[in-house]
Amino acid sequence: MEMPFHLKTIPAASLEILRYFGANSITSTHYNDLMRGAGLSEAALQKGLEGLVTERYLEDDDNQTYTLTERGQNSISELASYDAATSDDGASDRSASDESVAEASATSDAGQVVELPFHLRTLPPEALTVMRHMATLPEPNIHYDDLFDQLDLGERTFGKVIRRLVTKGYANMVADQVYALSDRGTLAVQELARYDAAIRQGGVDVGDTSIVADTVTRRLVLVLPSRLVAGQSAKARIGFNAADADNTLPEETDVVVRASVLNGEPSSAKDHALTLQNDAAHFALDILPGQYTQIRLRVEVFQLWPNPEDITPIGGMYVDADVHADGEPGASQVAYGIDIDLNV
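This write-up is about the structure you can find in this document. Here the structure is a predicted model, which means the values were calculated and not measured. (Residues numbered from 1 in each chain as written. Predicted model: local features only at pLDDT ≥ 70, side-chain atom pairs only at ≥ 80, totals over all residues. Heavy atoms only, no water.)

### Regarding the pattern of salt bridges
Counted according to the given criterion, the structure contains 8 salt bridges. A salt bridge links E55 to R298; its shortest N-O distance comes to 3.3 Å. With E55 in the loop between α4 (42-54) and β2 (58-60) and R298 in strand β16 (residues 294-304), this pair connects stretches of sequence that are 243 residues apart. By relative accessible area, E55 is classed as buried at 7%. (Salt bridge = Lys/Arg side-chain N within 4 Å of Asp/Glu carboxyl O. Helix = DSSP H or I, 4+ residues; strand = E, 2+ residues; numbered from the N terminus. Buried < 20%, exposed > 50% of the residue type's maximum accessible area, 1.4 Å probe, protein only.)

### Here we look at helix α2 (residues 12-23)
Look at α2: 17 Å from first C-alpha to last across 12 residues, which is about the 16 Å you get at 1.5 Å a residue. For α2, the full list of buried residues reads A13, S14, L15, I17, L18, R19, Y20 and F21. Looking one or two residues beyond α2, the residue adopting positive phi is S25, at roughly 50°. (Expected span 1.5 Å × (residues − 1).)

### Some thoughts on the side chain of R184
Here R184 is to be found in helix α11 (residues 183-202). With relative accessibility at 13%, the residue R184 sits in the buried group. Side-chain polar atoms of R184 contact the side chain of Y170, separated by 3.1 Å. (Polar contact = N/O pair within 3.5 Å; in protein donor to acceptor, adjacent residues only side chain to side chain.)

### A closer look at the packing of helix α8 (residues 125-135) against helix α10 (residues 155-167)
The N-to-C vectors of α8 and α10 enclose an angle of 75°; their axes lie 9 Å apart at closest approach. The angle between α8 and α10 places the two elements in the roughly perpendicular class. For the pair α8 and α10, contact is made by E126, A127, V130 and M131 and by T157, V161, I162 and L165, respectively. Here the contact of α8 with α10 is built from residues that sort into 6 nonpolar, 1 polar and 1 charged. (Axes fitted to C-alpha atoms, helices over the stretch in contact; angles between N-to-C directions. Parallel < 35°, antiparallel > 145°, perpendicular 65-115°, else oblique. Contact = heavy atoms within 4.5 Å. Nonpolar A, V, L, I, M, F, W, Y, C, P; charged D, E, K, R; others polar.)

If you want it as structure tokens, here you go:
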């Protein structure tokens with residue numbers, strides 16, 4: 001059974017919080033109770049809660065009480081079904097299995113095949129080195145300069161690797177120039193450790209298994225009416241411009257574009273699948289501004305790989321647009337855009 005896509009894109013800690021709600025048959029709880037019962041570090045708990053509130057699985061109040069939304073309650077049922085199915089199928093670690101895909105493998109002395117997930121093969125070998133090193137640190141957080149001093153990498157290469165790890169969601173900048181592995185990065189290190197152990201037993205060179213993914217840049221665009229009116233529906237267009245001559249795709253690639261509206265509808269994220277070639281590709285989204293002076297339309301993009309279990313967040317943007325109390329929506333349009341790197 002495949003985990004629903006919307007659950008694959010939230011932090012692993014968010015899934016554990018949903019499991020805590022489901023296991024205890026509760027719809028509301030206090031932060032302190034989650035701290036005691038969810039089995040997460042404070043940093044992981046805060047990240048997990050942030051993901052659930054942002055994506056409208058939970059609502060919070062000023063007293064640090066968190067309440068399941070309808071979306072959250074439905075997701076607990078989906079997650080329970082997935083956990084039951086993967087348990088029945090004899091799946092190993094459920095968190096790691098959500099990410100794994102067979103592209104490279106090593107065989108241990110016991111004859112067990114351990115696979116290197118494709119999403120790790122798309123990173124430069126230096127990025128794997130950095131993650132391996134960060135996992136050995138006595139403290140989770142480390143300053144950019146200290147990390148650079150501890151690794152035998154050129155300054156330009158090191159800077160590029162750190163940006164790549166943050167962009168791909170494997171590391172977070174937790175303070176000014178201070179970095180830590182994210183939940184995704186921690187899971188990736190666990191996958192690397194299993195693979196490295198099998199390689200050592202099988203006598204295979206780790207460096208021979210990594211590939212560096214090329215990227216092409218495409219322009220993600222969001223087009224809105226020039227004037228939005230509270231309570232009156234409007235149409236947004238979201239998608240990608242055509243490729244320029246220097247950034248053509250060698251073959252089509254699949255992405256999922258997630259869109260949601262703060263202070264309007266759709267308040268719950270809507271996922272739209274696009275198959276990108278080199279032509280422009282867009283879709284229309286009906287939005288409804290609420291009775292506010294401004295809405296925020298958020299767009300996130302995820303790239304899919306041949307194995308449907310492997311998903312890579314590749315960027316996104318949000319736009320704050322003014323909302324008028326009365327009148328008619330604008331007939332003209334305003335376009336917003338940002339460059340997104342697609343892996344090829």
